[in-house]
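Okay, here's what each chain looks like letter by letter:
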Amino acid sequence: MHEKLKRDAGWALAGIVIIAILLNVLFPDSGIVTIAKLLGGIVWLFVLPGYFIMLPWRETIELKERIVVGMLAAAGLEAVASYYAGIAGLHIRSHSWLFPALIIAIGIVLAHSKRFMKRAKASGPQ
Amino acid sequence: MIDFSKDSKTWEWLALFVLLGALLWMGPANIWDGDIDHGYPYGYYAQDAFIFMSYQYYLEESGNWAHLAPYLARGHHDVVQAQPSSFEILSVLLAQTTGFSYATTTYIIVMLLVLLSVFCFYFIIKQFNPKVALLSLPLNVLLFSNVFMSAFTWGNWPFFAGSAMFILFLWCFSRIKEPWMPALAALSLAAIAFAHTSEYVFAAFVLAAVAVLLVVRSYKTLLKHFKKSEFFSEWKRIVLTGIASLVITFAYLVIFVQTFLHDYQPQYLTPESQGLSLFVSVTTPGIWLTIAVAAGALIGLLMLYKHRVLQISWVLLLIGFTNYIGTGKRGLETRYLWPVYLSVFFGLLLYVILTNVLKQKLSTRVCAVISIVLIALFANQYYTEVGGPGLLSKESWQGMDWIDQHTPKDANVLYVYGDAYSQAAVLFNVRRDADVILVDDYAAMAQGGQLRRTVQTERVFDHTGDIAYRTGFLTLSHYKDTPDFAARGPRDLCGFDYYVFDKVSRMQGTVQYNAAIADHFQQAANFTKAYENSGVLILKNPAKGGDCLA
């Protein structure tokens with residue numbers, strides 16, 4: 001499990017570096033700090049939570065698909081959660097760190113849950 | 001060593017990377033002139049774009065999406081925020097994380113969601129056939145071609161947010177038999193409603209149409225063994241998914257039904273009636289591409305039951321024509337994503353042609369190289385230069401920002417004349433009770449050479465959500481028909497705290513007349529200069545309601 005996480009992290013990091021270079025070429029008037037802030041924000045809000053949302057399918061779906069789908073899923077989940085949390089009285093000021101952290105934490109707990117991962121593994125390709 | 005063998009995944013990576021580069025070059029890099037963060041609305045070409053950005057200020061101030069800002073609701077604090085929320089919420093979260101302005105993060109979120117949609121749909125097609133998926137990539141380039149581009153620059157943004165969630169749902173739908181998938185499907189279906197609710201209705205269209213297709217194909221078997229059929233086990237999951245999504249979205253659907261669907265009349269629009277430069281028609285991409293996609297769609301029709309993506313794409317194509325049966329603008333705008341939705345047909349046509357010409361199994365390398373070449377060709381052919389800040393100048397934006405930061409919350413502002421303000425919702429971002437003099441009345445005063453105490457103005461407030469307020473837990477009523485919410489009418493020229501005069505215009509005469517009015521106010525009524533830059537002058541009225549024309 002840890003090996004797989006490490007391997008995924010390595011690939012994801014490589015992807016981020018390549019995209020940073022691409023952005024640097026396409027947005028020559030943006031400094032490296034702006035690009036770093038943008039990518040940092042996207043990784044924190046969407047990539048990391050998305051990765052953990054997609055953990056149940058880590059054996060059946062390849063990494064790039066899980067990252068893309070996971071980012072969309074993280075966007076959807078955070079938007080819905082933020083809507084209700086705001087209505088319930090939790091100011092949006094705290095949502096940008098709270099929800100990604102919560103999703104990641106739940107993901108880590110589930111990744112260490114033998115029962116959960118066994119079921120995910122058992123799903124296998126259809 | 002990088003593997004470049006004929007069926008290596010490297011080729012797929014390369015094709016996807018080239019597409020990403022082409023889309024970024026044609027879209028964001030083009031619209032934003034090579035700079036990510038301008039710090040003010042850059043590449044905003046219509047008032048809709050300004051509307052969706054403006055909501056974020058009050059979202060951050062109030063902490064939630066419950067109510068419309070009082071300055072957008074004529075001072076009322078209880079007007080329900082009826083707009084779908086996802087896109088603005090995500091933009092605020094990104095602004096908090098990166099420190100960028102809302103003007104920047106709003107656009108970034110739109111572009112990010114669109115790019116993710118492109119690749120998510122690619123993965124749906126890949127389940128059908130990886131080679132067809134690769135060959136389908138070039139059509140996506142048209143997303144940022146002429147006409148399609150206006151959906152971005154004119155601010156059709158919640159549509160893209162809703163469609164991104166819709167495509168996520170379609171991805172889940174295509175894998176619904178897998179464990180845990182109904183949970184993600186329910187989330188994505190709910191997220192559609194919070195992002196752009198009309199796509200939620202279209203999702204129901206897609207589900208109903210696919211269900212009918214499946215029933216038509218195997219109704220005899222279903223009649224005999226319904227409960228033991230694969231259809232039953234699969235659609236049981238889908239129905240549960242739908243119910244779960246309804247539960248999640250209930251709070252917002254209550255608002256949606258009583259605002260956007262309140263007094264709703266079917267609209268029968270055509271691209272021609274809406275302006276062919278704004279809405280996509282069948283021939284927008286050019287006759288050859290239209291023929292190619294149509295031919296691919298016919299092939300897709302012949303093999304409709306081979307994979308769900310073919311059924312989905314066909315239904316999405318048909319949804320693009322529902323404008324003729326009453327969905328109006330909502331049906332028409334789905335056409336902005338035809339380059340994504342119909343890409344499978346383009347790929348399918350190429351696949352059929354190539355396999356028949358080459359008379360052998362296509363390799364990943366051949367498909368990726370053809371895809372890359374076509375992406376480059378299409379990008380070159382369909383590149384449409386945009387550039388420039390758009391509707392509002394940086395100086396006018398700085399004026400608005402100054403008003404927000406340096407005037408009392410209850411101050412009111414009169415915009416005398418500016419080229420951008422004929423689209424009055426631009427002024428939602430003033431974040432104060434604001435009016436703008438109607439162009440006809442301004443012209444009449446200019447021609448008469450005399451100011452009048454009573455002027456005709458447009459009152460800046462948000463009537464997109466029907467100006468509803470809660471009367472109970474599940475019930476809403478509406479302010480919209482009360483006199484207080486007349487959009488246009490007479491106002492006392494001297495009854496404002498601040499006056500904004502644009503110093504730059506396409507019409508030189510207005511610059512001179514604005515300057516003459518400002519001079520008159522300063523000399524005759526002791527107005528003081530509150531703020532000035534090279535684009536705007538803001539005057540403060542020392543005696544609101546007094547005689548400013550003396």
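Fair warning: this is a prediction, and the values are worked out from it, not measured in the lab.

Draft legend 1. Up close: the overall build of chain B. Helix and strand counts for chain B come out as 21 helices and nine strands. Relative to a compact globule of 550 residues, whose C-alpha radius of gyration would be 24 Å, chain B shows 27 Å and is just as compact. Dimensions of chain B, computed from the C-alpha atoms along their principal axes, are close to 90 × 55 × 45 Å. Here chain B holds 550 residues, and 51% of them are scored as buried. Sequence separation of 24 or more characterises 74% of the internal contacts of chain B that already satisfy a separation of 6 or more.

Draft legend 2. Structural context of helix α2 (residues 32-53) of chain A. Under the 1.5 Å per step criterion, the end-to-end length of α2 of chain A is 30 Å for 22 residues, consistent within 8% with the ideal 32 Å. Valine 43 of chain A marks where α2 of chain A bends most, by close to 45 degrees. If you check which residues of α2 of chain A are buried, you get Thr34, Leu38, Gly41, Ile42, Leu45, Phe46, Leu48, Pro49, Gly50, Tyr51, Phe52 and Ile53 of chain A. If you follow the buried residues of α2 of chain A, they end up packed against α3 (63-87) and α4 (95-111) of chain A together with α4 (86-98) and α5 (102-128) of chain B.

Draft legend 3. Here's a closer look at the nonpolar core. Residues and elements named next belong to chain B. Core analysis: the largest hydrophobic core is formed by 215 residues, its most contacted members being Cys120, Val141, Leu168, Phe169 and Leu427. Top contributing element to this core by residue count: α5, with 21 residues. Looking at which domains feed residues into this core, each of domain 1 (38-382) and domain 2 (394-540) supplies at least three. With residues up to four places along the chain from it excluded, the contact list for leucine 427 reads Tyr415, Tyr421, Ala434, Val436 and Val460.

Draft legend 4. Representation of the packing of helix α13 (residues 287-302) of chain B against helix α17 (residues 343-358) of chain B. All names here are of chain B. It is at 7 Å that the axes of α13 and α17 come closest, and there the two elements cross at 80 degrees. Here α13 is positioned roughly perpendicular relative to α17, judged by the angle of their axes. Contacts between α13 and α17 involve Ala292, Val293, Ala295, Gly296, Ala297, Ile299 and Gly300 on the former and, on the latter, Val344, Phe345, Phe346, Leu348, Leu349 and Val352.

Calculation criteria
- Per chain, the residues get numbers from 1 upward, laid out in the order the sequence is written.
- Going through the entries in the order they are written, you letter the chains from A and number the ligands from 1.
- Where totals are concerned, whole chains, interfaces and linings use all residues; where local detail is concerned, this predicted model gives features only for residues with pLDDT of at least 70, and gives and counts side-chain atom pairs only at 80 or more.
- Put simply, DSSP marks the helices as runs of H or I at least four residues long and the strands as runs of E at least two long, and each gets a number from the N terminus on.
- The quantity called the radius of gyration is restricted to C-alpha atoms. Its globule counterpart is 2.2 Å times the number of residues to the power 0.38.
- Whether a residue is buried, exposed or partly exposed follows from its count of other C-beta atoms within 10 Å of its own C-beta, namely 20 or more, 12 or fewer, or something in between, respectively; the C-beta atoms are built from the backbone.
- Contacts are defined on C-beta atoms placed from the backbone: any two residues whose C-beta positions lie within 7 Å are in contact.
- The span you would expect from a helix comes to 1.5 Å times its residue count less one.
- Fitting axes to the seven residues that end at a residue and to the seven that start at it, the angle between those axes gives the bend at that residue.
- By convention in this section, buried Ala, Val, Leu, Ile, Met, Phe, Trp, Tyr and Cys residues joined through C-beta atoms within 7 Å make up a nonpolar core.
- Segmentation of the chain into domains, including their bounds, is taken from an automatic or database domain assignment.
- Here an angle of 0 to 180 degrees is reported between the N-to-C directions of two axes, which are lines fitted to C-alpha atoms, with helices fitted over the stretch in contact.
- By the definition adopted for this analysis, an angle is roughly parallel if under 35 degrees, roughly antiparallel if over 145, roughly perpendicular if from 65 to 115, and oblique otherwise.

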